[in-house]
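# Coordinate inspection notes
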Amino acid sequence: MLNKTTFACNECDLLIEIHDIKEGEEATCPRCGHHVLQRKHDSVKRSIAISSAGLVLFFPAIYLPIMAIQAAGMKSSASLIQAISSLWQSDLVFVALSILVFCVIAPFIKLIVALTVNVSLLQNRTHLGWLKPLFKWYHKMDTWEMLEVFMLGILISIIKLKDMAELSFDTGIICFIFFMLSQLFLKLSLDKQLIWQRLHDGK
Amino acid sequence: MTESKDVINPITAKEKGLAQCHLCDYLVPYEEQNPHQKCPRCGSHIEQRKKDSLRRCWAWTITSLIAFLPANFYPIMTILYFGKGQPDTILSGIFTLLKFGMYPIAFVVFFASFVVPLAKIMGLFYLLYSFERRTELTAKQKTKMYRYIEFFGRWSMLDVFVVALLVALVELGSIVEIVAGPGATAFGIMVIITMIAAHYLDPRLLWDKEKIDDSK
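Treat the numbers as computed from the prediction; the structure is a model and nothing was measured.

## A look at the overall build of chain B
A tally of helices and strands in chain B yields seven helices and six strands. From first element to last, N terminus to C terminus, chain B shows the α and β order β-β-α-β-β-α-α-α-α-β-β-α-α. Over its C-alpha atoms chain B spans a radius of gyration of 22 Å, topping by over 25% the 17 Å that the globule rule assigns to 216 residues. Overall, the C-alpha framework of chain B stretches about 70 × 40 × 35 Å when taken along its three principal axes. Buried positions account for 38% of the 216 residues belonging to chain B. Counting contacts in chain B only where the partners sit at least 6 residues apart, residues at least 24 apart contribute 63% of the total.

Structure below.
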């Protein structure tokens, strides 16, 4: 039967034998250069720490105002949720919904799934039948999570507005930055292959 | 990691009668007679190559080219000073930025909102065309191109996010207000369509094609 050290490259389908790959190392496809396998350092514990930090930051990051502007004695501020609701009110329902999915729902699902699955791995409860369908949601949400793009959007809005009015920032932007970083670090720490292998072996 | 120039005698999973799960990377013997083969590890549908990859990619890429037009011709937002203002499309917004001397940011917006989506659509057309004719680029170069197309796709949502923030933020009574336009919807739809188009293209087909060409 098949040896578990054999992988096919996802981009060129080359069969590759991978032996003795240690934590922190990665294997690249010799033909097309695709990263076939990446083993992460201390993946389970790090992912638990990062995803719980991300979940703590979730509500402040989306509800607290990211920034405020002041001009002619009037002040106005906006949070991520307010941005979505004002698009909804200006009848841009599709745009409002896509931002809701890309910047709120997808990151939230990724954090919840990563936390649940990694905690189960830590406690050796990999036999639970619902873990596999749950972890598939992490993969599904991966393409559509765009927090880092929204972060660049914040920076561009700042530059666009800075000559027009007086800008001020509150704790909201700090929460959002760390929330975005939690997604980035989760991507770097979560070891998908390790999780699939352990979920499969635990059955 | 070193990348050798040529792998001598490359053997693919398909040639060995194997298929790898697209979701969890589990390698299984491919059952050609069974159209409903499921991955024993994660339960996803198993296929050696993405089904109808080229046909679907053609359809979605043509759609995204059509969607590119309203995305750039409809106004994405209007800045109202004392209730009056000119609607801005993506391109006229960039010209406004240039007029005020904000060159770096005009470049970023131009790149993310105009160059990237257009290059992405053109790139997909080129890759699809390369299946019809022999082209100069090698499969390796085309795979690299495909990787960039996939990676940069999401960054085109940038302008939509900027509009969302500005609309929520700039509401200072009757003095100045920013209103979003239908271009924001058209633009968001265009970005999502190009992402789907890129998703349907199976890069492994590029290598299959190269092997057939070389053996001729």
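## Thoughts on the pairing of strand β3 (residues 77-81) of chain B
All names here are of chain B. Bridging between β3 and strand β4 (residues 87-88) involves two bridges; their strand directions are antiparallel. Along β4, the bridge assignment pairs methionine 77 with aspartate 88. Note: β3 against strand β6 (residues 176-180), five bridges, orientation antiparallel. Paired with tyrosine 81 across the two strands is valine 176, which belongs to β6.

## Topic: the pairing of strand β4 (residues 35-38) of chain A
All names here are of chain A. When strand β3 (residues 26-28) meets β4, the two strands line up antiparallel, connected through three bridges. When the bridges of β4 are listed, alanine 27 appears paired with leucine 37. If you look at the hairpin formed by β3 and β4, you'll find six residues sitting between the two strands, and glycine 33 has a positive phi there, around 85°.

## What about the domain arrangement of chain B?
Here the domain parsing of chain B yields domain 1 (1-48) and domain 2 (51-215). Each of domain 1 of chain B and domain 2 of chain B has a C-alpha centre, and these two points are 32 Å apart.

## Some details on the nonpolar core
Val163 and Ala164 of chain B are the most contacted members of the largest nonpolar core, which totals 72 residues. Counting residues per element, this core draws most heavily on helix α5 (residues 158-169) of chain B, which supplies 11 residues. Once you skip the residues sitting within four places of it in the chain, alanine 164 of chain B turns out to touch Ala83, Leu87, Val95 and Ile99 of chain A.

## Let's talk about the sheet that holds strand β6 (residues 74-78) of chain A
Spatially, three strands are ordered β6-β5-β7 (chain A) in an open sheet, and the strand pairing comes out antiparallel. Where the open sheet ends on each side, the last strands, each with one partner, are β6 and β7 (166-169) of chain A. Pairwise comparison of adjacent strand axes, ignoring direction, gives a mean angle of 25° for this sheet. As paired elements, strand β5 (residues 67-71) of chain A and β7 of chain A share four bridges and run antiparallel to each other. Opposite methionine 67 of chain A, over in β7 of chain A, you have phenylalanine 169 of chain A as the bridge partner. Of the strands in this sheet, β5 and β6 of chain A touch α5 of chain B, which is tilted by about 145° from β6 of chain A.

## Side note on the domain arrangement of chain A
When cut into domains, chain A gives domain 1 (1-39) and domain 2 (43-201). The gap between the C-alpha centroids of domain 1 of chain A and domain 2 of chain A is 30 Å.

## Comments concerning the interface of chain B and chain A
Taken together, the contacts link 54 residues of chain B with 48 residues of chain A. At the level of secondary structure, the elements contributing two or more residues to the side of chain B that touches chain A comprise β1 (18-20), α3 (103-129), α4 (139-152), α5, β5 (171-172), β6, α6 (182-200) and α7 (204-215) of chain B. The element best represented in the side of chain B that touches chain A is α5 of chain B, accounting for 10 residues. Partitioning the side of chain B that touches chain A into residue classes produces 37 nonpolar, eight polar and nine charged.

## Digging into helix α2 (residues 90-99) of chain B
Residue and element names in this part refer to chain B. If you check which residues of α2 are buried, you get Ile90, Gly93, Ile94 and Leu97. Looking straight down α2, one finds that the buried residues subtend no more than 100° of arc, so they occupy a single side. Counted as exposed and oriented over 90 degrees from the buried face of α2: Phe95 and Lys99. Structurally, α2 contributes buried residues whose contacts are with α1 (53-73), β4, α3, α5 and α6. In the stretch just after α2, glycine 101 is the one whose phi turns positive, near 80°.

## As for α1 of chain B
Residues and elements named next belong to chain B. Spanning 21 residues, α1 covers 31 Å between terminal C-alpha atoms, matching the ideal 30 Å at 1.5 Å per step. Among the residues of α1, Cys57, Trp60, Thr61, Ser64, Ala67, Phe68, Ala71 and Asn72 are the ones counted as buried. Check the buried side of α1 and you find it contacts α2, α3 and α6.

## Re the sheet that holds β5 of chain B
All names here are of chain B. Strand order across the open sheet formed by four strands is β4-β3-β6-β5, with antiparallel pairing between neighbours. Looking at strand neighbours, the two that pair on one side only are β4 and β5, the edges of this open sheet. The strands touched by α5 within the sheet are β3 and β6, with β6 carrying the most contacts at an inclination of about 140°.

## Observations concerning unusual backbone geometry
Residue and element names in this part refer to chain A. The phi dihedral of aspartate 13 is positive, around 70°, even though this residue is not glycine. Its location among the elements puts aspartate 13 in the loop between β1 (6-8) and β2 (15-17). The exposure class of aspartate 13 is buried, given the 28 C-beta atoms found within 10 Å.

## Let's talk about the packing of helix α3 (residues 93-122) of chain A against helix α4 (residues 131-142) of chain A
All names here are of chain A. In contact at an axis separation of 9 Å, α3 and α4 are set at 145° when each is read in the N-to-C sense. The two elements α3 and α4 cross, and the hand of that crossing is left-handed. Together, Ala106, Ile109, Lys110, Val113, Ala114, Thr116, Val117 and Ser120 of α3 and Leu131, Leu134, Phe135, Trp137, Tyr138 and Met141 of α4 make up the contact between the two elements. Its residues assigned to classes, the contact of α3 with α4 comprises 11 nonpolar, two polar and one charged.

The rules behind these values
Residues numbered from 1 in each chain as written. Chains lettered and ligands numbered in written order. Predicted model: local features only at pLDDT ≥ 70, side-chain atom pairs only at ≥ 80, totals over all residues. Helix = DSSP H or I, 4+ residues; strand = E, 2+ residues; numbered from the N terminus. Rg over C-alpha atoms; globule rule 2.2 N^0.38 Å. Buried ≥ 20, exposed ≤ 12 C-beta atoms within 10 Å, placed from the backbone. Contact = placed C-beta atoms within 7 Å. Pairing = 2+ DSSP bridges. Domains from an automatic or database assignment. Core = buried A, V, L, I, M, F, W, Y, C linked by C-beta atoms within 7 Å. Axes fitted to C-alpha atoms, helices over the stretch in contact; angles between N-to-C directions. Nonpolar A, V, L, I, M, F, W, Y, C, P; charged D, E, K, R; others polar. Arc of directions from axis to C-beta. Expected span 1.5 Å × (residues − 1). Left-handed = near helix turned anticlockwise from the far one by under 90°.

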